[in-house]
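Geometric and topological summary
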Amino acid sequence: MTTTSARTTPTTRAWITAVFVVFTLSGLDIATWLGRIPSVRDSLGASTFEMGLLVLGMAVGSIGGLTFAGHIVAKLGARRGVQVAAVCLTAGMVFAGIAVSLGWGFAAIWVALIAFGFGNGLCDVSMNVSGAAAEKAGGRTIMPLFHAAFSLGTLAGAGLGALAEALDVPVAWHFTVLVVVTSAAMLVAVTRFQDEHRFEEHVATDTSPVPTPVSRWQVWTQPSTLLIGVIVLGMALAEGSANDWLPLAMIDGHGLDNAAGAAVLTVFLAAMTVGRVAGSPLIDRFGRVPVLRISAAVAVVGLGMLIFVQSVPLAIVGVVLWGLGASLGFPMGMSAAADDPRTAAARVSAVATIGYVAFLAGPPLIGFLGEHVGLLGALLVVFVFIIAAGLASGAARERGAAARPTRGGGDGDGGAEPRLQAQRADAARSADSATGGRDAG
């Protein structure tokens, strides 16, 4: 097997670094919006349900971006995909900031969030396609670290949002300055992207018999696909509901001010980041199923503390546990769907579709319930879905060639075959990304 040092040329290292930059800036952009949600609500005088509908606008735009991303990336490449996304992100965020500050109303902000969401979805697919190719070029596993970089970006964005809330910085100025800087940095970084197709010919090494092809419709009849979908749905809802509602839940349910509510979101995102950085070796050692079950249990305990414990310090401890527990579920579910490279594209697409129910239906559902029982009470829906994800975790067990290597697996023969299988699964995930799949961050 070619060594990492032999394959990782300066050009490839620059490519990998550029992908890290784009992942980080993408997370920073998203968290910039999330961190100012309390100010947006105050500006609109919106109800909890109306805020749920507003957040839905970004989800609609993201799904549109994911849908068209396959065509854009296939025609223009991942580099051009990020460039187009940067333009959409800039236009959407600048317009949203101006709409908030000038009081243009709900509809104007909703339209801006559709544009912003479209750019986010397109950027998501483009950077994941390029990241998977850069990983193969480098000859080592780095995709989990790309996602950790995204989490670091969200952490930085939430922190800046909390500071902007505390300093009463106008939303228009905050959004405009930040998105112009991040988009310019993205455009510089993608000049280091290489052609993501250059290593495709090295991936197809499987010589085992090929079964009858499985269509995208047939995978929906497989119980394992649906159970993995439950895992992804529950964990996506656990992550997405915190991004959308945690600041307001801390303000309305625990009496914090806007700046403190935004700061608690920063705590959650920091816990998510730690969980993703530390999680890969735990998965390698113990396997997906035990880690999923423990993750679900930790998330349930943390969310329960937030909902049922009145003490603010203990509620914040609960937020930390919630973030740690939610950090690995979505990536593990997507990896489980892609275990068999020959059916990975169809299964990942189906599982991603199930998971997107959380992003599309979650905000208005929690907003509607929050209008009647309060946001903390509404988060009990998330509580139930996390439990369901934990119960379904057995469906994510490693099978066949995708099974994890032995603990002693290194660079010898015992470790080479699992690495080759992992590369095939990565290729399948990359191919599905080009048709509209999404990473949760």
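Calculation criteria
Residues numbered from 1 in each chain as written. Predicted model: local features only at pLDDT ≥ 70, side-chain atom pairs only at ≥ 80, totals over all residues. Heavy atoms only, no water. Helix = DSSP H or I, 4+ residues; strand = E, 2+ residues; numbered from the N terminus. Buried < 20%, exposed > 50% of the residue type's maximum accessible area, 1.4 Å probe, protein only. Contact = heavy atoms within 4.5 Å. Areas by Shrake-Rupley, 256 points an atom, 1.4 Å probe, with all protein chains shown as cover. Salt bridge = Lys/Arg side-chain N within 4 Å of Asp/Glu carboxyl O. Phe/Tyr/Trp six-rings, centres within 6.5 Å; stacked < 30°, edge-to-face > 60°. Axes fitted to C-alpha atoms, helices over the stretch in contact; angles between N-to-C directions. Parallel < 35°, antiparallel > 145°, perpendicular 65-115°, else oblique. Left-handed = near helix turned anticlockwise from the far one by under 90°. Nonpolar A, V, L, I, M, F, W, Y, C, P; charged D, E, K, R; others polar. Patch = residues over 30% accessible without salt bridge, like charges linked within 9 Å, V, L, I, M, F, W, Y side chains within 5 Å. Core = buried A, V, L, I, M, F, W, Y, C linked by side-chain atoms within 4.5 Å. Expected span 1.5 Å × (residues − 1). Arc of directions from axis to C-beta. pLDDT = per-residue confidence, 0-100. Polar contact = N/O pair within 3.5 Å; in protein donor to acceptor, adjacent residues only side chain to side chain.

Section: the overall build of the chain
- Check the secondary structure of the chain and you find 17 helices and zero strands.
- Split into buried and exposed, the 441 residues of the chain put 55% on the buried side.
- Across the chain, contacts joining residues at least 24 apart in sequence account for 85% of those joining residues at least 6 apart.
- Element-wise, carbon and sulfur atoms account for 68% of the exposed surface of the chain, whose accessible area totals about 17400 Å².

Regarding the pattern of salt bridges
- One pass over the structure, following the stated rule, counts three salt bridges.
- Between E239 and R276 there is a salt bridge, and its shortest N-O distance comes to 3.3 Å. Here the residue E239 occupies a position in helix α9 (residues 223–254), and R276 occupies one in helix α10 (residues 258–286), the gap between them amounting to 37 residues. Accessibility classification places E239 together with R276 in one group, the buried group.

Some words on the packing of aromatic side chains
- In this structure the tally under the stated criterion is five aromatic pairs.
- With 4.6 Å between their ring centres and 65° between their planes, F20 and F146 make a pair best called edge-to-face. With a gap of 126 residues between them, F20 in helix α2 (residues 10–35) and F146 in helix α7 (residues 143–166) connect regions that are remote in the sequence.
- Here F146 falls in the buried class, since its relative accessible area comes to 0%.
- Residues F268 and W322 carry aromatic rings whose centres are separated by 5.3 Å and whose planes lie at 70° to one another, so their mutual orientation is edge-to-face. With a gap of 54 residues between them, F268 in helix α10 and W322 in helix α12 (residues 312–326) connect regions that are remote in the sequence. You'll find F268 and W322 in the same group, each marked buried.

With respect to the packing of helix α11 (residues 288–308) against α12
- Two elements in contact, α11 and α12, have axes whose closest approach is 7 Å; the angle formed by their N-to-C orientations is 155°. When the axis of α11 is compared with that of α12, the two are roughly antiparallel. In the packing of α11 onto α12, the handedness of the crossing is left-handed. In this structure, α11 uses S295, V298, A299, V301, G302, L303, M305 and L306 to contact α12, whose residues at the interface are L314, A315, V317, G318, V319, L321, W322, G325 and A326.
- Of the residues that constitute the contact of α11 with α12, the class distribution is 13 nonpolar, four polar and no charged.

Considerations on a nonpolar patch on the surface
- A surface patch of nonpolar side chains, about 410 Å² in accessible area, is lined by F95, L102, W104 and V111.
- Residue position: V111 is located in helix α6 (residues 106–138).

Digging into unusual backbone geometry
- Positioned with a positive phi, D168 is a non-glycine residue whose angle comes to about 55°.
- Mapped onto the fold, D168 is located in the loop between α7 and α8 (171–189).

Looking at the nonpolar core
- Counting 110 residues, the largest nonpolar core has W33, L246, L303, L306, W322, L379 and I386 as the members making the most contacts within it.
- Ranked by residue count, the leading element in this core is α9, at 15 residues.
- Among residues more than four places away in sequence, those in contact with I386 are G234, A238, A296, A299, V300, L303 and W322.

Some details on the environment of A162
- Here A162 lies in helix α7.
- In this structure, the C-alpha to C-alpha distance between A162 and T266, residues 104 residues apart in sequence, is 8.0 Å.

Examining α12
- Between its terminal C-alpha atoms α12 stretches 21 Å, which fits the 21 Å expected from 15 residues at 1.5 Å a residue.
- What α12 keeps buried is the set A315, G318, V319, W322, G323, G325 and A326. What you see down the axis of α12 is that its buried residues fit within an arc of 165°, all on one side.

Here we look at the confidence of the model for the chain
- Per-chain confidence: the chain averages 79 in pLDDT, with 77% of residues scoring 70 or above.
- Within the chain, helix α17 (residues 413–433) has the poorest average pLDDT of any element, 44, and α8 the best, 95.
- The model gives residues 1–6 a pLDDT under 50, and that stretch makes five contacts with residues more than four places away or in other chains.
- Note that residues 404–441 has pLDDT below 50 and, in this model, 74 contacts with residues that lie over four places away or in other chains.

So, the side chain of T154
- When you line up the elements, T154 lands in helix α7.
- The class of T154 is buried, set by a relative accessible area of 8%.
- Within the local environment of T154, its side chain forms a polar contact with the backbone oxygen of S151, the two atoms lying 2.6 Å apart.
- Ignoring sequence-local partners within four residues, the contact set of T154 consists of G27, L28, A31 and L269.

A short note on the packing of α11 against helix α16 (residues 380–391)
- Remark: α11 packs on α16, axes separated minimally by 9 Å, with the N-to-C direction vectors making an angle of 165°. Considering their axes alone, α11 and α16 lie roughly antiparallel with respect to each other. α16 is crossed by α11, and the crossing has left-handed handedness. Facing α11, whose interface residues are R293, A296, A299, V300, L303, G304, I307 and F308, α16 presents L380, V382, F383, I386, I387 and G390.

Details of the environment of A185
- Relative to the assigned elements, A185 resides in helix α8.
- C-alpha separation for the pair A185 and A86, spaced 99 residues apart in sequence, amounts to 9.6 Å.

A closer look at the environment of V300
- Relative to the elements of secondary structure, V300 occurs in helix α11.
- Residue V300 is classed as buried on the basis of its relative accessible area of 17%.
- Linking V300 and G318, residues 18 residues apart in sequence, is a C-alpha distance of 9.2 Å.
- Apart from residues lying up to four places away in sequence, V300 is in contact with F383, I386 and I387.

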